[in-house]
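One letter stands for each residue in the lines below.
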Amino acid sequence: MKRRKFIRNTFLGAAASVIGTEIVFSSSMPKNYTLIGLQDPDPYMLFSKHKEMTVLNDKPWNIEAKAHLLDDKITPNKCMFIRNNGIIPQNIDIASWKLTIDGESVSKPKTYTLQDLKSKFKNYTYQLTLECGGNGRSEFNPPAKGNQWTVGAVSCAEWTGVRLKDVLEDVGIKNDAVYIGYHGADTHLSGDPEKEPISRGVPIHKALQEETLLAFKMNGKDIPIAHGYPLRLVAGGWPASASGKWIHGISVRNKVHDGTKMKAPAYRVPCKPVAPGEKVKEENMCIIESMPVKSLITYPKSGAMLDEGETLKIRGHAWAGELQVEKMEYSIDFGATWHNCQLEKPINRLAWQHFKTSIKFPKKGYYEIWARATDNTGVSQPMLLPGWNPKGYLNNASHRIAIKVK
Ligand SMILES: Nc1nc2c(c(=O)[nH]1)N[C@H]1C(S)=C(S)[C@@H](COP(=O)(O)O)O[C@H]1N2
Ligand SMILES: [Mo]
């Protein structure tokens, strides 16, 4: 066989094995042609995402929404951000999927099939806010490494599943339980099967909360693959890193869980405020628990134009981790004066709350609308930036949009 032909055949063999089947008319393929099936997959098609979502990284996939894409009361899959630390599991077989509960603080490990979970325990449905701890990272200075999330790494979908507390009760947990850690089926970017890309968790009191679910449905359907199909831990109001996707294990620990990304500086902030750029010792970094009060104007889109004399209706959502939002205000004069918005109560604990109001502008020109939420302990969002921290977490600054009156 001639060398050129040999190379072509080797190429075709390799291509066929990547694609997973024979390339039938390969003899008619133009020379040096790149098969569509070998090109980078289109994430919008792959994950059914809205065309205006922003891809921040493709290895692993990290995709965020824009404020106006989050206008729905319940976030649909197409506008939900994706935050992956590793590679999404392939070839999931739900018939053989199992969840094992183990750890130092269980009397005896116990394993459930998905069918066991669905039929043995009562099902609950809650709307739960999930915000990545790094949402808003892009605004910190000095900058922090990591995905440069702007405002779109937050969602509030409707999750259906069984309560983790009911399952833990069925297993039987010991008095010395202090934490749970999850184990997902995603694989480490290095390909090393021994390494977990992430294995975080929550203190036992959060694990035993009414709203902490082992969910198998999102918005009434099977959970989309990117969001944790077929089983996901959902611990609303906490950094979404605590809500493990593709769950096949939960360890009940007699100490703070020590899985991947539990150690400083991951998902931790300085226990006491520090100056921007300051180095912080590991022992002075504390684990992020409940997320801070925050809000988002989802209508109109920043840059909207309106005619002089026109009233502008704005709307959006506000949330406050474990707490409730008590007051929602806006300003059109760079924070000099604030006015109340109408604010709804949450549909259930840990769901975001909707606000709206009508605004009249005094004359033609450029304006900014700033939004500020206050939680039920009286704490408000900072106007520009909260305290700097080495990893760029917890930016809950006021959301701001631009408006022109012509
Ligand atoms: N197994 C697993 N669970 C995971 C992650 C992951 O990479 N693997 N990422 C976490 C992080 S950091 C976030 S912010 C949320 C993102 O959830 P979403 O992609 O469904 O929006 O999932 C969390 N759960
Ligand atoms: Mo995250």
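What counts, and at which threshold
Residues numbered from 1 in each chain as written. Chains lettered and ligands numbered in written order. Predicted model: local features only at pLDDT ≥ 70, side-chain atom pairs only at ≥ 80, totals over all residues. Heavy atoms only, no water. UniProt positions renumbered as here; feature names shortened; annotations may be inferred. Buried < 20%, exposed > 50% of the residue type's maximum accessible area, 1.4 Å probe, protein only. Helix = DSSP H or I, 4+ residues; strand = E, 2+ residues; numbered from the N terminus. Arc of directions from axis to C-beta. Pairing = 2+ DSSP bridges. Phe/Tyr/Trp six-rings, centres within 6.5 Å; stacked < 30°, edge-to-face > 60°.

- Under the annotation held in an unreviewed UniProt entry, the protein carries the name Molybdopterin containing oxidoreductase and is attributed to Flavivirga eckloniae.
- According to the UniProt record, the Cofactor (unreviewed entry) comment for the protein reads "Mo-molybdopterin".

As for helix H4 (residues 164-171)
Inference 1: Regarding H4, the residues found buried are Leu164, Val167, Leu168 and Val171. Down the axis of H4, the sector holding all buried residues measures 100°, keeping them to one side.
Inference 2: Positive phi shows up at Gly172, right after H4, with a value of about 95°.

A short note on the sheet that holds strand E2 (residues 61-64)
Each strand in a sheet pairs with its neighbour through backbone hydrogen bonds, running either in the same direction (parallel) or in the opposite one (antiparallel).
Inference 1: With respect to topology, three strands assemble into an open sheet ordered E1-E2-E3, the strand pairing being antiparallel. Edge positions in the open sheet fall to strand E1 (54-58) and strand E3 (82-83), since each of these has one partner strand only.
Inference 2: Of the pairings in the sheet, the one linking E1 to E2 comprises four bridges and is antiparallel in character. Along E2, the bridge assignment pairs Asp58 with Trp61.

Here's the deal with the sheet that holds strand E23 (residues 365-375)
Inference 1: As summarised here, the arrangement of the five strands in space is E17-E24-E23-E19-E20, forming an open sheet in which the pairing is mixed. Strand pairing shows two members of the sheet lacking a second neighbour, strand E17 (304-306) and strand E20 (339-340), which therefore form its edges.
Inference 2: Pairing between strand E19 (residues 325-331) and E23: six bridges, direction antiparallel. Counted as the bridge partner of Met328 is Ala373 from E23.

Some points on the packing of aromatic side chains
Inference 1: Taken as a whole, this structure holds eight aromatic pairs when the rule is applied.
Inference 2: Each ring, one from Phe47 and one from Trp61, has its centre 5.5 Å from the other, and the planes form 80°; the classification is edge-to-face. Residue Phe47 is found in the loop between helix H2 (43-46) and E1, and its partner Trp61 is found in strand E2; the two are separated by 14 residues along the sequence. Both residues of the pair, Phe47 and Trp61, count as buried.

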